[in-house]
Amino acid sequence: MSDLHDLCHFTERPITKSYITTLRQYLKLGIPLTYTVEEAYNYTKGIETDPTSTTTPLHLVCRHYPEDATDDEIKIVEEFVSVLLEYGAGWCLVDDKGDTPGCTLVKRELRNSPIYRQIVESGVRAELLLRKVEEYQVEFIEEDQIESQTNETQPEEPEEHIETEAKDQEASTSKYSEKPDAACDQQTYLSTKLEYTDDALLTKDAKDGVMMDWETDLMHLGAQSLFKGGKLLDSESELDSEINVLNIGFGMGIIDTKIQELAAQSPSTVTHYICEAHPDVLLKMRKDGWYDKPNVVVLEGRWQDQLDDILQKGGVFFNGIYYDTFSEHYEDMLELFDYVVGLLKPHGVFSFFNGLGADRWVVYDVYRKLVELDLSNYGLSCVYTDVNIPNHTKKEDGSVWDDVKRSYFECPVYYHPEIRFIDI
Ligand SMILES: C[S@@+](CC[C@H](N)C(=O)[O-])C[C@H]1O[C@@H](n2cnc3c(N)ncnc32)[C@H](O)[C@@H]1O
């Protein structure tokens, strides 16, 4: 433990400006505000191996932020956190307990605190910056490379991008794992055998949860949102005479079954498009008679190809589009937004299964904002309904995740998105 770490314990009360002054003094002395408890420990013990966790000063602030802080003290802590963030505190580094700073606040039930909001905003900024860095393939040069480059007359191209050590200790921001397996690589997934169980669709060998029936209520909400796009503009109740609904990703057919139910109740003719890429799922759809249902159009293949086709041919526009696939990433969804603006009717509704970053609440909150920002660039606005999801982690005889490789949803609340063109 160093003086910097001690400072983050807020043992001296009240918390006054002197905390900021001292923090800035440490900065002047060249102490990085990202200095971890593990690094300090290793330094004092003469240990040379790299630590496996990163308990940063920001973690300590989140652990020791006093619950009874006065308004004046809260303002100082906010300023303290701003300085930490300005000087590189990572919003998604994990500490010795496997928590990010935001997770620590969630555990302390301080999700409504201003510093939680600061961390979420910093997460949004970091993700946007990271995207730009990746988009423009910005290369970082290691210090020793800089030295060698400045010493040499013929500068060499740096051979590889730097992988920061911290990367291994960051919380995952994607729905599924980082390893090149069926859960994150489309080509691998599409050639992986699947199996339907009583309450789930899994990859046969690795037991990745492709779809699980605890999501049923959320799928019903999704289906209802799509039919809201059946109403004509400037009308309380007048419906399109022809309603087109598109669901991307059949899985267990939960949302499609609900769409069929709502279509049967609708006074308008509803054409129900289903886009599905996996051969095992297509086989199941055929066996279960989906190909024979009137007004159902099965688009066999990846949405990337199928929607391109529809857009090229023209003539079909949707009142509702729902997106819920597997082994795709946020970048894929960003690509989908291009098709959404091209294929959604002016009064249509787009929705998706929102599991973005949902293995940690703070990451889920960061993605909530990112999605809003990204959609606004397409002239779309997103309204969330917060839904409690009781019992999604438990069933009578254990957890719903017992037979599944890893849980992909750990938040007690689901942010159900309804997306429309702005000003509609
Ligand atoms: C999570 S499940 C969908 C569950 C569905 N919402 C339900 O209510 O049961 C994901 C489905 O998307 C399909 N899929 C994955 N990538 C796809 C893609 N690029 N295009 C079309 N379908 C895809 C998978 O094969 C799988 O059937």
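Residues numbered from 1 in each chain as written. Predicted model: local features only at pLDDT ≥ 70, side-chain atom pairs only at ≥ 80, totals over all residues. Heavy atoms only, no water.

Student: Sorry, what's going on with the packing of helix 7 (residues 114–135) against helix 15 (residues 361–376) here?
Tutor: Between two packed helices, both the angle of their axes relative to each other and the distance between the axes serve to describe the pair. With their axes 9 Å apart at the nearest point, helix 7 and helix 15 run at an angle of 60 degrees to one another. Of the possible angle classes, the one that applies to helix 7 and helix 15 is oblique. Handedness of the helix 7/helix 15 crossing: right-handed. Within the contact between the two elements, helix 7 uses Tyr116, Ile119, Val120, Gly123, Val124, Glu127, Leu128 and Arg131 and helix 15 uses Trp361, Val362, Asp365, Val366, Tyr367, Lys369, Leu370, Leu373 and Asp374. Grouping the constituent residues of the contact of helix 7 with helix 15 by class yields 11 nonpolar, one polar and five charged. (Axes fitted to C-alpha atoms, helices over the stretch in contact; angles between N-to-C directions. Helix = DSSP H or I, 4+ residues; strand = E, 2+ residues; numbered from the N terminus. Parallel < 35°, antiparallel > 145°, perpendicular 65-115°, else oblique. Left-handed = near helix turned anticlockwise from the far one by under 90°. Contact = heavy atoms within 4.5 Å. Nonpolar A, V, L, I, M, F, W, Y, C, P; charged D, E, K, R; others polar.)

Student: Whenever I open this one, the nonpolar core confuses me. Can you help?
Tutor: The nonpolar side chains of a soluble globular protein tend to be buried with one another. Counting residues in each nonpolar core, the largest one holds 119 residues, and the members touching the most others are Val61, Phe80, Leu246, Leu307, Phe350 and Phe409. Looking at which domains feed residues into this core, each of domain 1 (3–135) and domain 2 (187–421) supplies at least three. Each residue touching phenylalanine 80, except ones within four places of it in the same chain, is listed here: Leu7, Cys8, Phe10, Tyr19, Ile20, Leu23 and Val61. (Core = buried A, V, L, I, M, F, W, Y, C linked by side-chain atoms within 4.5 Å. Buried < 20%, exposed > 50% of the residue type's maximum accessible area, 1.4 Å probe, protein only. Domains from an automatic or database assignment.)

Student: What is the right way to look at helix 5 (residues 71–86) in this model?
Tutor: Helical geometry note: an α-helix holds 3.6 residues per turn, so side chains three or four residues apart project in the same direction. For helix 5, built from 16 residues, the straight-helix expectation of 22 Å at 1.5 Å per residue is met to within 8% by its first-to-last C-alpha distance of 22 Å. Within helix 5 the residues assigned to the buried category are Glu73, Ile74, Ile76, Val77, Phe80, Val81, Val83, Leu84 and Leu85. Packed against the buried residues of helix 5 are helix 1 (3–7), helix 2 (18–28), helix 4 (57–64) and helix 7. Note on helix 5: the residue one or two positions beyond its end, glycine 88, has a positive phi of about 100 degrees. (Expected span 1.5 Å × (residues − 1).)

In short, geometric facts, not functional conclusions.
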